[in-house]
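Observations on the model geometry
Chain residues, written in single-letter form:
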Amino acid sequence: MKFPYKGYAGQFLRVNLTEKTVKKRLLTKKLARGYVGGSGFAARILYDEIKPRIDPFSPENKLFVGTGPLTGTFWPSTGRYVFAAKSPLTGIWGESHSGGHLGPELKYAGYDAVLIEGRAEKPVYLKIENEEVEIRDASHVWGKDTHETTRILHEDLDKGAQIACIGPAGENLVRYASIITNLFRAAGRTGLGAVMGYKKLKAIAVRGNSPIEVADFDKFMELSEEAHWRVLNHPQAKEMSLYGTPLLVGYKQAIGELPAKNHLTGIFPRAEALSAETIRKNYWVKTRSCFACRTMCKKVNTVKKGPYAETLCEGPEYETIMAFGTNCYNADFPSILYANLLCDKYGLDTISTGCTIAFLMECYENKVIGKRDVDGIDLSWGNSDAIIALIHKIAKREGIGNLLAEGSYQTAKKIGKGAERYALHVKKLEVSGQDGRTHRSIGLSHATASRGADHLRSLVTVDQLGYEEVAEKRWGADKLPEVCNPYTEKWKALVVKTTEDVYALRDCIIQCWYCVSWPPILWIEDFAKILPVATGEPSFSKIDELLVIGNRIVNLERCFNAREGITRKDDTLPKRFLEEPMPEGPGKGQVVNLKVMLDEYYALRGWDPETGIPKLETLEKLGLHREASELRDMGKLPKN
């Protein structure tokens, strides 16, 4: 039976590495209508197929690779793709996105998604070339870094093949190992590279040449061209095109939210050395872009002299500058660029790697650990040599790196002696480069997001940057000025909930974050215009129905986590944000009053105020009847 919607390839691959089988399955209208694509498909499929309480390092864990209905089309900034599995770092919902060109190539090969299950006996890679799909031997690239692996596989295959691969960190089961595509694009968070490593899946190589059809070509092109012009003429998109995400260093410093010394403060005295202007002037080489993107935020930088001379790398992004720079009190940009390159080659998430190192540095400063405990390394703040040494050790699981490879939560438990206070994580995922003390909505976002301390599931910016016109249009004039006041908890539950639902839909399409951010170039109204034109599904034109889909996905991921034991007690923040007032800057004296925001958030979501688990009527209203029954049978919902 032919798949009824346009925009999709209409089928997905099921690859069993244990049985060495590849099966092609038709996409169903029910799945597309209820979950759109990308993250929605991942949530639906993995909830159904991953049993509760399995070990992430087991054949029962499954890795999803997926695209959206706009992937590979002319609509701007839709070159992204999603990986998902049960996270080996957190033990709950694991999801990570990446840009580049692999997603469109997968659609051109004729597949909306790939589901990988089981475990190979020896290293393999998956070759997808249109109808031809093979599980091939990868012993010749096992042990190689991601750059070497990509080069060798390109010699084996078509030069135009798009390759996603892991490096030694994934092979060594570092719990925050990443998956790398196009040499420098990382699906970094939650350790999905380690899932590939456990499965002995070294790489996925894709080549395709099938066209993607849309329902109304002329209207689709009209809307797409108009959207591209909006991107090209948007002031902040232009700024991103010039500087990339390092421009956030200056923004964050100005509002006192640039993490320094393991989030001890939000001011970094030498921020100018890491500013976008300094990087552009002294290190920039060229600009690169993901598929169909006019923002062109990817910057290639190089070092011309000093100990890191000849380092050439795409990046670093703001989060990497934060992780290896300001948060470790390191102002040496060449060392940060080199750290970025090492992480790309080893296949390491820069956020978890850098923040775990910053955690260890604070333990060292407070004499919780000493030199003997860390292989004789001087972990004084700002020691760039120590940062580089620890990256090597983590990727190879050597010495202290073997412990750090477990993440800051497990490392702190092992160290004891009060180290837990310095491990800044939510649900075991290290906190990224934001601070709820100066930006209340991000505090709530970090606490409630399905994968842990997450800045991409609901990064509200209208409050942080004071965009009252946008806030008024979205939530009403009666909620001003509190919505745009970053230091008050009032209305933050509402803005976070709304943004989460829209972002969930964004990650189904899959639309790049930078077009749906600060302030948005594209928003839910634009999705309601383009989706029916692309797919031919008329209900996608209704904003209310699209928001229901986003809400459904948020609740389904919550159900996934509830089966793993996540409750309200886990929706919290490190004590640093709750109990230690910001010591300086515009937010001096501020802490996060999380309880009031959580109470309001749960009420808006229809979640139980005591447990944080979706109520029976909430799940049934969203069509999640089986999930409600399962949670009830597990004793997580009332029997009546």
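Values in this document were obtained by computation on a predicted structure and should not be read as measured data.

Take the pattern of salt bridges next. The full count for this structure, using the stated rule, is 54 salt bridges. A salt bridge links Glu49 to Arg14; the shortest N-O distance between them is 2.7 Å. Taken together, the positions of Glu49 in helix α2 (residues 38-49) and Arg14 in strand β1 (residues 11-16) put the pair 35 residues apart, joining distant regions of the chain. Classification of Arg14 as buried rests on a relative accessible area of 18%.

As a further point, take the nonpolar core. One broad rule of soluble globular proteins: the nonpolar side chains tend to lie buried together. Counting residues in each nonpolar core, the largest one holds 168 residues, and the members touching the most others are Phe64, Leu348, Leu360, Leu379 and Ile391. With residues up to four places along the chain from it excluded, the contact list for Leu379 reads Leu360, Met361, Tyr364, Ile369, Val374, Ala386 and Leu390. Counting 29 residues, the second largest nonpolar core, distinct from the first, contains Leu13, Val15, Leu102 and Tyr111.

In the contact formed by helix α17 (residues 440-448) and helix α20 (residues 492-509), the axes pass within 9 Å of each other and the chain directions differ by 55°. Taken as axis vectors, α17 and α20 run oblique relative to one another. Both α17 and α20 take part in a crossing whose hand is right-handed. Here α17 contributes Arg440, Ser441, Leu444, Ser445 and Thr448 to the contact with α20, which in turn contributes Lys492, Ala493, Val495, Val496 and Glu500. The residue makeup of the contact of α17 with α20, split by class, is four nonpolar, three polar and three charged.

In spatial order, the strands read β13-β14-β15; together these three strands make up an open sheet with antiparallel pairing. Lying at the two open borders of the sheet, with one neighbouring strand each, are β13 (284-288) and β15 (312-314). For this sheet, the mean angle separating the axes of adjacent strands, direction not counted, is 20°. In the sheet, β13 pairs with strand β14 (residues 298-302) via four bridges, with the strands oriented antiparallel. When the bridges of β14 are listed, Lys286 appears paired with Val300. Lying on the sheet, helix α12 (residues 333-346) is in contact with β14 and β15; it crosses β15 at an angle near 70°.

Right, let's get into the state of the cysteines. Under the definition given, this model contains zero disulfides. Of the cysteine sulfurs around Cys297, a residue in no disulfide, the closest is that of Cys293, at 6.2 Å. Here Cys363 stays free of any disulfide, with the sulfur of Cys328 as its closest cysteine sulfur at 12 Å.

Read across the sheet, six strands follow the order β8-β7-β12-β9-β10-β11 without closing on themselves; strand pairing throughout is mixed. Of all the strands in the sheet, the pair left with one neighbour each is β8 (132-137) and β11 (185-187). Each adjacent strand pair in this sheet contributes to an overall mean axis angle of 20°, direction not counted. Sheet topology note: the strand β7 (residues 124-129)/β8 ladder contains six bridges and is antiparallel. Looking across to β8, one finds that Leu126 is bridged to Ile135. Packed onto the sheet, helix α4 (residues 146-156) meets β7, β9 (162-165), β10 (179-181) and β12 (201-207) and runs at close to 140° relative to β9.

It is worth spelling out the environment of Asn233 at this point. In this structure, Asn233 sits in helix α7 (residues 217-233). Separated by 288 residues in the primary sequence, Asn233 and Ile521 place their C-alpha atoms 9.9 Å from one another. Of note is the side chain of Asn233, whose polar atom sits 2.8 Å from the backbone oxygen of Trp229.

In this structure, the amide linkage connecting Gly315 to the following residue, Pro316, adopts the cis form with an omega of 5°. The topology assignment puts Pro316 in the loop between β15 and α11 (318-324). Ile510 follows Ile509 through a cis peptide bond whose omega is -5°. Here Ile510 lies in the loop between α20 and α21 (524-535). With phi around 55°, Asn262 is a residue other than glycine that occupies positive phi space. Along the polypeptide, Asn262 turns up in the loop between α9 (247-255) and α10 (276-282).

In this sheet, strand β2 (residues 21-26) lies alongside β1 in antiparallel orientation, the contact comprising six bridges. Bridged to Asn16 within β2 is Thr21. Hairpin connection from β1 to β2: four residues lie between these consecutive antiparallel strands, with Lys20 at a positive phi of about 60°.

Rules of the game
Residues numbered from 1 in each chain as written. Predicted model: local features only at pLDDT ≥ 70, side-chain atom pairs only at ≥ 80, totals over all residues. Heavy atoms only, no water. Salt bridge = Lys/Arg side-chain N within 4 Å of Asp/Glu carboxyl O. Helix = DSSP H or I, 4+ residues; strand = E, 2+ residues; numbered from the N terminus. Buried < 20%, exposed > 50% of the residue type's maximum accessible area, 1.4 Å probe, protein only. Core = buried A, V, L, I, M, F, W, Y, C linked by side-chain atoms within 4.5 Å. Contact = heavy atoms within 4.5 Å. Axes fitted to C-alpha atoms, helices over the stretch in contact; angles between N-to-C directions. Parallel < 35°, antiparallel > 145°, perpendicular 65-115°, else oblique. Left-handed = near helix turned anticlockwise from the far one by under 90°. Nonpolar A, V, L, I, M, F, W, Y, C, P; charged D, E, K, R; others polar. Pairing = 2+ DSSP bridges. Disulfide = S-S within 2.5 Å. Polar contact = N/O pair within 3.5 Å; in protein donor to acceptor, adjacent residues only side chain to side chain.

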